[in-house]
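Letter by letter, the chains look like this.
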Amino acid sequence: MVLIILDVSAVNIALPSMAEGLHGGMAGLQWVVDSYTLFFAALMLSAGALSDRIGARRAYGWGIVAFTAASLGCGLAPAMGPLIATRVLQGAAAAVMMPTSLALIRQAHTDQARRARAVAVWASAGAIAMAAGPVLGGLLTTTVGWRYVFFLNVPVGVLAVVLLARVAPSPRRTAAFDLPGQLTAVVALTALTFAVIEGGHTGYGSPLVLGATGLALAAGAAFAAVERRQQDPMVPLGLLRRSTVSVPLLVGFAINVAFYGAIFVLGLFFQQVRGQSALSAGLMFVPMALSTAVLNLVSPRLTARIGERTVLVVGQLVLGAGLLSLTAVDAGGSAALVTLLLIPVGVASALVVPALTSLLLDSVERERAGTAAAMLNTSRQTGGALGVALFGTFIAGRADAFVPGMRLSMAVAAGVLTATALAAWTLLRVPEGGKPACV
């Protein structure tokens, strides 16, 4: 988890230096982020089945080794194209690591309360990496160069392999590899992300963008048709009829649209508009990330007391309000004020993510844990990729358009979160026992 989140938080801070060193523009920076996130999202669907079939521990080990090797390749990339290509490999490896880590938690803890605490520790590890990433990324970029942001992953990956030897072997179940479903999912998500990024630079009415949009719709329809016909689909569509599955997927998507889209924009704002160094920009995110780390550990107790439905709804509304408050920020504003305004964003994210994760894992059979975790994280990472793609188009162009584009990004994020909060409140009903039920 530390590896995966470091490659989001630290890389975001290093983007301006990458653009300068490799002569890349805004579209290139969007692809540096989204090539990782996109394949992370798309390939997690098959990674869930891989986890169930060969065992979570073995799949997790493969992912760690591949991620570490790809990180080395990113650090050695001579141009923007090779960097984006090795980021694809990183994303593919992260796709194996994320759902298998949750599957290991699900298999290790049969007691619901202990499992909720374990999920909170898992999420807190990511929050710690989110806190450390901007500072480490900024420090490395300022002192020895952006390439060491990727080299940093190598010793962490080696340590993870060593620690994995202490984990017990995982159970397995028969799970076929759904090649048609995987291919159509990759095509649909890649075409959609391309259409959003390219549309912001060439216009959404251009033939290339319209063609990519049509391809995304056709591939999405083909994916749904394939999954309905498969005997053992990588995405069991029947699970989506459970509100305790569909709501976490929807909320996870919205959270990442808002959070990762906002972090992408703000990281560039601090350096390109406010003129801060990479290290100074990284420090701006530290109070937010530390609040996330602390509140992740509190979330299970709060959820047990007031219920997952309430946590999901209130958390999204607080996150939306926090992002909306950032529309008041401009180039000459106080750095301390911006830092304080970011804290509610971290607090709300810390409350929501463990709650939606526990709700989903509690709603599926133990042997489906890897598949369910893959569905959740695919939804979340797809949201992150589209958030970066969309918000990047808002800030592209003239320098004087950056602040209005940033404000539009925050307003759109707040609107998305309000809509999904209302959906969660409507679709989850709470019986006398206190646990959300399917409707």
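Residues numbered from 1 in each chain as written. Predicted model: local features only at pLDDT ≥ 70, side-chain atom pairs only at ≥ 80, totals over all residues. Heavy atoms only, no water.

### Re the overall build of the chain
Consideration 1: Within the chain one finds 16 helices and 0 strands.
Consideration 2: Over its C-alpha trace the chain gives a radius of gyration of 20 Å, about what one expects of a compact globule, namely 22 Å for 439 residues.
Consideration 3: Seen through its principal axes, the chain has C-alpha atoms that stretch 50 × 50 × 45 Å.
Consideration 4: The long-range share in the chain, meaning contacts at least 24 apart out of those at least 6 apart in sequence, stands at 83%. (Helix = DSSP H or I, 4+ residues; strand = E, 2+ residues; numbered from the N terminus. Rg over C-alpha atoms; globule rule 2.2 N^0.38 Å. Contact = heavy atoms within 4.5 Å.)

### Focus on the packing of helix H12 (residues 286–306) against helix H13 (residues 308–325)
Consideration 1: Relative orientation of the contacting elements H12 and H13 amounts to 115 degrees, with a least axis distance of 7 Å. Across from Leu302, Thr303 and Ile306 in H12, the residues of H13 making contact are Glu308, Thr310 and Val311.
Consideration 2: When grouped by side-chain class, the residues that make up the contact of H12 with H13 number 3 nonpolar, 2 polar and 1 charged. (Axes fitted to C-alpha atoms, helices over the stretch in contact; angles between N-to-C directions. Nonpolar A, V, L, I, M, F, W, Y, C, P; charged D, E, K, R; others polar.)

### Examining the nonpolar core
Consideration 1: Core analysis: the biggest nonpolar cluster contains 127 residues, and Leu83 and Leu323 have the highest contact counts within it.
Consideration 2: For this core, the leading source of residues is helix H10 (residues 243–273), giving 18 residues.
Consideration 3: Those residues within four positions of Leu323 in sequence are excluded, and the remaining contacts are Ala258, Ala262, Val345, Met410, Ala413 and Leu417. (Core = buried A, V, L, I, M, F, W, Y, C linked by side-chain atoms within 4.5 Å. Buried < 20%, exposed > 50% of the residue type's maximum accessible area, 1.4 Å probe, protein only.)

### Some remarks on the packing of aromatic side chains
Consideration 1: All told, the structure shown has 9 aromatic pairs when counted by the stated rule.
Consideration 2: The interplanar angle of 90 degrees and the centroid separation of 6.2 Å between the aromatic rings of Trp146 and Phe150 together place this pair among those described as edge-to-face.
Consideration 3: By relative accessible area, which is 8% here, Trp146 ends up buried.
Consideration 4: Take Phe150: its relative accessible area is 0%, and that puts it in the buried class.
Consideration 5: Residues Phe269 and Phe270 carry aromatic rings whose centres are separated by 5.9 Å and whose planes lie at 55 degrees to one another, so their mutual orientation is tilted. Residues Phe269 and Phe270 agree in their burial class; the two are buried.
Consideration 6: Members of the aromatic cluster, joined through ring pairs, are Phe269, Phe270, Phe285 and Phe402. (Phe/Tyr/Trp six-rings, centres within 6.5 Å; stacked < 30°, edge-to-face > 60°.)

### Some thoughts on the confidence of the model for the chain
Do not read the predicted coordinates in detail wherever pLDDT is low.
Consideration 1: Per-residue confidence for the chain gives a mean pLDDT of 84, with 94% of residues at or over 70.
Consideration 2: Within the chain, the element-level pLDDT minimum falls on H12, averaging 79, and the maximum on helix H16 (residues 402–427), averaging 93. (pLDDT = per-residue confidence, 0-100.)

### Things to note about the environment of Leu417
Consideration 1: Its place among the elements puts Leu417 in helix H16.
Consideration 2: Once the C-alpha coordinates of Leu417 and Leu319 are considered, the two residues, 98 residues apart in sequence, prove to be 7.7 Å apart.
Consideration 3: Once residues lying within four places of it in the same chain are set aside, the contact partners of Leu417 are Ala254, Ile255, Ala258, Gln316, Leu319, Gly320 and Leu323.

### Some thoughts on the pattern of salt bridges
Consideration 1: Within the structure shown, the criterion is met by 2 salt bridges.
Consideration 2: Note that Asp7 is salt-bridged to Arg87, the shortest N-O span being 2.6 Å. Residue Asp7 is found in helix H1 (residues 2–22), and its partner Arg87 is found in helix H4 (residues 80–108); the two are separated by 80 residues along the sequence.
Consideration 3: On the basis of relative accessibility, which here comes to 1%, the residue Arg87 falls in the buried class.
Consideration 4: Its salt-bridge partner being Arg115, residue Asp362 comes within 2.8 Å of it at the nearest N-O pair. Of this pair, Asp362 sits in helix H14 (residues 335–362) while Arg115 sits in helix H5 (residues 112–143); the two residues are 247 residues apart in sequence, bridging distant segments of the chain.
Consideration 5: By relative accessible area, Arg115 is classed as buried at 7%. (Salt bridge = Lys/Arg side-chain N within 4 Å of Asp/Glu carboxyl O.)

### Details of helix H7 (residues 153–164)
Consideration 1: Compared with an ideal rise of 1.5 Å per residue, which puts 12 residues at 16 Å, H7 spans 16 Å between its outermost C-alpha atoms and is within 8% of the ideal.
Consideration 2: Listed as buried for H7 are Asn153, Gly157 and Leu164. The arc that holds every buried residue of H7, seen down its axis, measures 35 degrees, which confines them to one face. Away from its buried face, by an angle of more than 90 degrees, H7 presents the exposed residues Pro155 and Val162.
Consideration 3: Here the buried face of H7 lies against H1, helix H3 (56–75), H4 and helix H6 (147–151). (Expected span 1.5 Å × (residues − 1). Arc of directions from axis to C-beta.)

### A closer look at the environment of Phe391
Consideration 1: Its location among the elements puts Phe391 in helix H15 (residues 369–395).
Consideration 2: We classify Phe391 as buried; its relative accessible area is 0%.
Consideration 3: C-alpha of Phe391 to C-alpha of Leu297: the two residues are 94 residues apart in sequence and 31 Å apart in space.
Consideration 4: Residues contacting Phe391, with those up to four places away along its chain left out, are Val257, Ala258, Gly261, Ala262, Val265, Ser409, Val412 and Ala413.

### Description of H12
Consideration 1: Helix length check: H12, at 21 residues, gives a terminal C-alpha distance of 29 Å against a target of 30 Å (1.5 Å per residue), a fit within 8%.
Consideration 2: Following H12 by one or two positions, Gly307 adopts a phi angle in the positive range, close to 95 degrees.

### Quick notes on the packing of H10 against H13
Consideration 1: Following both chains from N to C, one finds H10 and H13 inclined at 20 degrees, their axes separated by 11 Å at the closest point. Our classification of the angle between H10 and H13 gives roughly parallel. The handedness of the crossing between H10 and H13 is left-handed. Taking contact as the criterion, the partners of Val247, Val251, Ala254, Ile255, Ala258 and Ala262 in H10 are, on H13, Leu312, Gln316, Leu319 and Leu323. (Parallel < 35°, antiparallel > 145°, perpendicular 65-115°, else oblique. Left-handed = near helix turned anticlockwise from the far one by under 90°.)

### Focus: a nonpolar patch on the surface
Consideration 1: On the surface, Val294, Val298, Leu302 and Ile306 cluster together into a nonpolar patch covering about 290 Å² of accessible area.
Consideration 2: By the secondary structure assignment, Val298 is in helix H12.
Consideration 3: According to the relative accessible area criterion, Val298 is partly exposed, its value standing at 37%. (Patch = residues over 30% accessible without salt bridge, like charges linked within 9 Å, V, L, I, M, F, W, Y side chains within 5 Å. Areas by Shrake-Rupley, 256 points an atom, 1.4 Å probe, with all protein chains shown as cover.)

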